[in-house]
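Observations on the three-dimensional arrangement
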Amino acid sequence: MQWHRTRTLSLDNARVRHTQWSIVLKSSLPFIAFVIITANSIRASETIVITDFEGTDYGTWKTTGTAFGKGPAQGKLGGQMPVEGFQGQGLVNSFLGGDDAVGTLTSPTFKIERKFITFLIGGGGWADETCMNLIVDGKVVRTAAGPNTISGGSERLEPAAWDVHEFAGREATLAIVDQRQGSWGHINVDQIVMTDDRGSVPIVVPPAPVARNVTRELTVEKKLLHFPVKTGAKPRVVTVSVDGKAVRRFDIELADDNAQWWAPLDVSEWAGKKLTIVADVLPVTSKALDSLRQSDTLLDAENLYRETLRSQLHFSPKRGWTNDPNGLVYYNGEYHLFYQHNPYGWNWGNMHWGHATSPDLVHWQEHSEALYPDEQGPMFSGSAVVDWNNTSGFGKDGKPPLVLIYTAAGNPTVQSIASSSDGRTFKKYAQNPVIKEISGGNRDPKVFWHEPTKQWVLVLYVETPGKQHTIHFFNSPNLRDWKLASVTKGGIDGDKYLFECPDFFELAVDGNLSRKKWVLTAANSQYAIGTFDGATFTPELSRLTDVRGIGFYAAQTFSDIPDHRRIQIGWSQAPSPGMSFNQLQTLPCELMLRTTPDGVRLRREPVKELVALRDGPDQASSLEKFRAELIELRAEIEPGQATKFEFNLRGAKIAYDPKTQEIIVNGHRAPAPLVNGKQKLTVFVDRTMFEVFASDGLTYVPIPFIPKPDDLSVSVNVQGGGDATKQFLQVYQLKSSWIEK
Ligand code: FRU
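Residues numbered from 1 in each chain as written. Predicted model: local features only at pLDDT ≥ 70, side-chain atom pairs only at ≥ 80, totals over all residues. Heavy atoms only, no water.

Turning to the sheet that holds strand β25 (residues 414-420), a few remarks are in order. Strand order in this open sheet of 4 strands is β23-β24-β25-β26, and the pairing throughout is antiparallel. Looking at the sheet topology across the chains shown, the edges are occupied by β23 (379-386) and β26 (427-428). When β23 meets strand β24 (residues 402-408), the two strands line up antiparallel, connected through 7 bridges. The residue bridging Ser383 from the neighbouring strand is Ile405, located in β24. (Pairing = 2+ DSSP bridges. Helix = DSSP H or I, 4+ residues; strand = E, 2+ residues; numbered from the N terminus.)

In structure tokens:
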């Protein structure tokens, strides 16, 4: 890579942005470029391209470390999301060797000859760690970083500019830095240009001065220590230590001044002790650590469960983010719902196992976190079983223990276990892990007791090299020692059949207990039906799905429910913007297998316990007057002559087209065949989602949706004649599952 010094254009009345100009350059058409220049007399100053990273090496730029390699990248590197927004073929991309590789790339000295330096930048947004610095007289005088600090985000490079006019005529160097390991530990840069006309390229806002390792000490006086959060603020890494030992470490979007909400950390186990709390970086003006508060109960809880976007029929955590349901189990007369939980943020991260219990699958009570991240990593998804025969030896006083089986997603990523005898406190097994890493992408163990072979079976998702998605089956006599029994292949990448979060269970076909089939499900709700001998699953039908909605993911069924009930809860990716909590768990549904004209299929019904939420009698006969926020609707339609049915529930539109036998839910189409000539529908409407069960439960359409607060009406409209609506319709107002009336 050589320095490019190029004549370019800044025309008086037909302004052409330097970026467009650079495209001309990068299409290696200097000759045409030259013609353009000569054809338009240059009045303003010329743009100087410092470098466009189009060569096979970095030329006179110098590297240290390994992250930058020997020369520019040509787009994304192995394991990276697609990289966009760079120009031409080449760019700086320090993802070489992944996020953990570090290094620097430094320019030779050059003279600042224009008012602005413009560039394209993307990747990690860590000040000082994934950034580009302008150095004058040995001092960093300008700096810029990418936009990303949390999971997700984008690898897109965006234009940015520094105003450097005060350094005119001075010698400078550029240093592109990647000193960060872990998530977003890389930087992408391209097309560095000096210009007097930056067009609309935004000037980089200089970061506020920061302090590192900001420390606060306090004595634990109450159960909870509250951290101020502002969703969208820069995430900080907070470490809490007791007696010099780090006991908690998490990422948190700390509010520097006024808290938008308070994230509680349970510190009761260190009562009376001194805690040292360190934030990795804070603006020098930040009041975040001074504002930490202690109390025995949640702060700002007057409105708890009454928040405008708190779903009233569905479980969501008091504070923070939830994704997958975990460890669903019936133990000591209670249903346990563990769930992926970020207690300190509105977005995914810091995976804990949150915990709630219910006597009836309808009313949930949240408890303290069950599993905290530890040296083995964050606590990813898994399952729970009751060890009736105390095969694990974890049981005490003749009581069968509850055993949790989870993924510890550190490096290596392993499977571990924890146990409990009270269903409230959980002890990790001292000899964890129980299954060592098979590949970095192995996770989400689901365990059950296989009575015919009298052993435990563990079903594990394993992404093997080449992005092959597989399900590994293990056997164990005691939940501690596991032996690989078989592997079922579930497709390659892009065809994520049998993907993460597998579940595996046996169901009676058409309720006939002497005719059972095994069902293997995946996070995306595709499933296979087949036979299982305790070691190997033999699919007979595969790539099936009954879920046709939006954002339903990672569902799991309860273990150890009496009466052969197979009840499933899934994660609904329904956001609650502006709240101190985010996402929720779907209504529990009972799963069954039914013979249909297409073969055996899963069908589901919202559990019968939900009847407890009905607030008064059926209102179908007076729909014109009906007004309710939370609604259950049941309909059974024989279409007759009708060409279309439409239900409108608080603005959620559910239409049925008898001709195509499709249900159209807020514009989203799903096949919904008539069953015995009828369309049987059940709908539940809540504050951030609604769930539709069509075709007598063969089609399930959950949809995130925030109804308008003042639209409380329900209407039914039949087109094409007939009095079909009168056939069977029930409409109920529901009450909150959280708040007693
Ligand atoms: C699915 C998933 C799991 C993983 C968990 C982490 O949503 O990616 O595979 O265990 O979420 O939160």
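Below, the discussion takes up the sheet that holds strand β49 (residues 714-719). Read across the open sheet, the 5 strands follow the order β45-β44-β43-β42-β49; overall the sheet is antiparallel. Looking at which strands have only one partner, the edges of the open sheet turn out to be β45 (668-671) and β49. Across the sheet, the mean angle separating the axes of adjacent strands is 15 degrees when strand polarity is ignored. Bridge count between strand β43 (residues 652-657) and strand β44 (residues 662-665): 4 bridges; the pairing is antiparallel. In the sheet register, Ala655 faces β44, and the bridge partner there is Ile664. (Axes fitted to C-alpha atoms, helices over the stretch in contact; angles between N-to-C directions.)

The subject of this paragraph is the site of the ligand. Taken together, 13 residues lie around the ligand, and Asp324, Gln340, Trp348, Arg443 and Asp444 are the ones closest in. Residue Asn323 places a side-chain N or O atom 3.1 Å away from an oxygen atom belonging to the ligand. In the complex, the protein chains occlude 91% of the 310 Å² of accessible area that the ligand would expose alone. Residue assignment for the shell around the ligand shows that the elements contributing at least two residues are β19 (320-331), β23 and β27 (441-450). Among the residues making up the shell around the ligand, the classes are represented as 6 nonpolar, 3 polar and 4 charged. (Near = heavy atom within 4 Å. Polar contact = N/O pair within 3.5 Å; in protein donor to acceptor, adjacent residues only side chain to side chain. Areas by Shrake-Rupley, 256 points an atom, 1.4 Å probe, with all protein chains shown as cover. Nonpolar A, V, L, I, M, F, W, Y, C, P; charged D, E, K, R; others polar.)

This paragraph deals with the environment of Ser525. The topology assignment puts Ser525 in the loop between β32 (512-521) and β33 (527-532). Spatially, the C-alpha atoms of Ser525 and Arg548 are 9.3 Å apart, while their sequence positions differ by 23 residues.

Glancing now at the nonpolar core. In terms of nonpolar packing, the biggest core is built from 32 residues, with Trp364 and Phe558 touching the most fellow members. If you list the elements that add at least two residues to this core, you get β20 (334-342), β35 (552-557) and β36 (567-572). The element contributing the most residues to this core is β20, with 3 residues. When residues of this core are assigned to domains, at least three fall in each of domain 3 (322-606) and domain 4 (614-733). The contacts of Phe558, once residues within four sequence positions are left out, are Leu328, Val329, Tyr330, Tyr335, His336, Leu361, Trp364, Arg566, Ile567 and Ile569. (Core = buried A, V, L, I, M, F, W, Y, C linked by side-chain atoms within 4.5 Å. Buried < 20%, exposed > 50% of the residue type's maximum accessible area, 1.4 Å probe, protein only. Domains from an automatic or database assignment. Contact = heavy atoms within 4.5 Å.)

Domain annotation for the protein chain reports domain 1 (48-195), domain 2 (210-295), domain 3 (322-606) and domain 4 (614-733). Each of domain 3 and domain 4 was reduced to a C-alpha centroid, and the two centroids are 32 Å apart. Listed as interface residues are 23 residues of domain 3 and, on the opposing side, 21 residues of domain 4. Of the roughly 1800 Å² buried at the junction of domain 3 and domain 4 (both faces included), carbon and sulfur atoms supply 66%. Where domain 3 meets domain 4, there are 2 salt bridges. The interface formed by domain 3 and domain 4 includes 8 residue pairs in polar contact (both at pLDDT 80 or more). Of all elements in the fold, only β39 (589-596) and β40 (599-606) reach the threshold of two or more residues within the side of domain 3 that touches domain 4. (Buried area = accessible area lost by both parts, 1.4 Å probe. Salt bridge = Lys/Arg side-chain N within 4 Å of Asp/Glu carboxyl O.)

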